Amino acid sequence: MAMTRSLNIAFEVWSHDRWSIPLPDGHKFPISKYTLLRERVQDRVIVRESDAVSWETLALVHEQDLLDRIRTGQMSIREQRGLGLPWSETLVERGRRSVGGTMAAARRALEHGVGMNLGGGTHHAGRDFARGYCLFNDVAVTLARLREEGAVRSAVVVDCDVHQGDGTAQILGQDPDAFTLSLHGARNYPFQRIPSDLDVDLPSGTGDDDYLAELDRALDVALSGAYDIAFYLAGADPWEGDRLGRLSLTKPGLRARDELVLTRLRGIPTVVVLAGGYAPDPNDTVDINAATLDCVLALR
Ligand SMILES: [Zn+2]
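Bear in mind that the values here come from a model prediction, so they are computed numbers and not experimental data.

Colleague: What should I look at first to understand the overall build of the protein chain in this one?
Modeller: Looking only at helices and strands, the protein chain features ten helices and eight strands. Here the C-alpha atoms of the protein chain give a radius of gyration of 17 Å, agreeing with the 19 Å that 2.2 N^0.38 yields for 300 residues. Counting only C-alpha atoms and orienting by the principal axes, one finds that the protein chain spans roughly 45 × 45 × 40 Å. Here the protein chain, with 300 residues, has 58% of them falling under the buried criterion. Long-range contacts, defined as pairs at least 24 residues apart, comprise 77% of the intrachain contacts of the protein chain with a sequence gap of at least 6. Split by element, the accessible area of the protein chain, about 12000 Å² in all, is 47% carbon and sulfur. The centroid of the 33 positive side-chain charges in the protein chain is displaced by 2 Å from the centroid of its 43 negative side-chain charges.

Next comes the structure, spelled out in structure tokens:
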């Protein structure tokens, strides 16, 4: 696949932060980080509003029964508890736009080498389940749509969120043309795993040096094939101060992680998505996400 690197054109990213969701007081989902991130970066890049993907596109991956329950507000109490977010119309609109942002970033990546969504990375959503703050699987839906259009066939997913990418593994783990790598805390959610092509379980308190060494080794395995497109889930939750992560990475360590992944993926059109980040002060998560964007801009 031909790829041109474009040094002189403005860099566009996508955000769906205007679609906020009603949450009960004290809810732990860090909804403010998306707007804080857009505000942080909007003088350096062009921030476009993500379009909502169609239900037909979502149905390329997700089971129709699940989509019907989501669309009509019929998710059970149990499903909503597993999702961790209360159902609302804006939740659904937001979810569709989150996928739309990854889709647009992927189209940009195919044209210019790299694209970034200031959202997405909803890797706990599977074919027939929505859970762990993840309504739809943006990466799997984007890949399915691009395949249907004949734009790509093979893909590699490099998932560096601190949580294992179980939904992505369910959808793509058996796919002969997709390689799924997940590097995560061994003691983190989800506690029942669905195997990726390569899962790297890291002990609590791993720290920068061991993490980077494990990542480098895992990338050797993941990148032994050739791919039409790569997806990088640049989760901010391996950070030492994160409420949910246990891996004790520093901010410079996370920056080194981004550099390592993006350098190794050079030559493959690469889609960068945010995934998780649960710092008590959302500005810390935004620091990490903005540094990922800096790395994208430096290496494009
Ligand atoms: Zn996570």
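Now that the structure is up, let's keep going.
Colleague: Mind showing me how you'd approach the coordination of the zinc ion here?
Modeller: Around a metal, the ideal angle is 109.5 degrees if four donors adopt a tetrahedral arrangement and 90 or 180 degrees if six donors adopt an octahedral arrangement. Coordination of the zinc ion by the protein comes from Asp 161 (OD), Asp 161 (OD), His 163 (ND1) and Asp 237 (OD), over a distance range of 1.9 to 2.7 Å. Angles of 54 to 151° at the metal separate the four donor atoms of the zinc ion, which places the site in the irregular class. Within one chain, the residues donating to the zinc ion are spaced in sequence as D-x1-H-x73-D. Separated by 76 residues along the polypeptide, Asp 161 in the loop between strand E4 (155-159) and helix H7 (166-172) and Asp 237 in the loop between strand E7 (229-233) and helix H9 (251-264) bring together distant segments of the chain.

Colleague: Explanation requested: the sheet that holds strand E8 (residues 270-273) in the structure shown.
Modeller: Note: strands within a sheet are paired through backbone hydrogen bonds, in either parallel or antiparallel orientation. The eight strands are arranged E2-E1-E3-E8-E7-E4-E5-E6 in an open sheet whose pairing can be described as parallel. On the outer flanks of this sheet lie strand E2 (46-49) and strand E6 (198-202), each paired with one strand and no other. Adjacent strand axes in the sheet meet at a mean angle of 20°, parallel and antiparallel pairs treated alike. Inspection of the sheet shows E4 paired to strand E5 (residues 178-185) by five bridges, in the parallel sense. Note on E5: the bridge partner recorded for Val 157 is Thr 180.

Colleague: Any chance you could explain helix H1 (residues 32-41) here in plain terms?
Modeller: Since the α-helix advances by 3.6 residues per turn, residues separated by three or four positions end up pointing in the same direction. Residues of H1 that are buried include every one of Lys 33, Tyr 34, Leu 37 and Val 41, and no others. Down the axis of H1, the smallest arc covering the buried residues is 100°, so these residues share one side.

Colleague: Mind showing me how you'd approach the UniProt feature "domain: Histone deacetylase" (unreviewed entry) in the protein chain here?
Modeller: According to UniProt, the positions carrying the feature "domain: Histone deacetylase" (unreviewed entry) are residues 36-281. Within the segment residues 36-281, helix and strand shares are 39% and 14% respectively, and the terminal C-alpha atoms sit 11 Å apart.

Conventions used here
Counting from 1, residues in each chain are numbered in the order their sequence is written. Residues qualify for local features only when their pLDDT is at least 70, as the model is predicted, and side-chain atom pairs are given and counted only at 80 or more; totals for whole chains, interfaces and linings, by contrast, use all residues. Just so you know, side-chain values use all the structure's heavy atoms and leave hydrogens and water out. Only runs of H or I of at least four residues qualify as helices and only runs of E of at least two qualify as strands under DSSP, and these elements are numbered from the N terminus. Here the radius of gyration uses the C-alpha set of atoms, whereas the globule reference equals 2.2 Å times the residue count to the power 0.38. Exposure is judged per residue with a 1.4 Å probe applied to protein chains only, and the accessible area is read against the type maximum: over 50% gives exposed, under 20% gives buried, and values in between give partly exposed. Contacts were defined at the residue level, with two residues in contact if any of their heavy atoms lie within 4.5 Å. Per-residue and other accessible areas were derived by the Shrake-Rupley procedure at a 1.4 Å probe size, with only the shown protein chains allowed to occlude residues. In this charge count, Lys and Arg are treated as positive and Asp and Glu as negative; neither His nor the chain ends contribute. For this purpose, a charge sits on NZ of Lys, CZ of Arg, CG of Asp or CD of Glu. Coordinating donors are taken as N, O and S atoms within 2.8 Å of the metal, stretched to 3.2 Å for Na, K and Ca; because water is absent from the atoms, sites can appear incomplete. Here the metal geometry follows the donor angles, with tetrahedral for four donors whose angles all fall between 85 and 135 degrees, square planar for four and octahedral for six when opposite donors are more than 155 degrees apart and every other angle is between 65 and 115, and irregular for all the rest. Any two strands with at least two DSSP bridges between them are considered paired. Axis lines are fitted to C-alpha atoms, over the contacting stretch for helices. Their N-to-C directions set the angle, which ranges from 0 to 180 degrees. Relevant arc is that of directions from the helix axis to the C-beta atoms, nothing else. UniProt positions are given in the numbering used here, feature names are shortened, and annotations may be inferred rather than shown by experiment.

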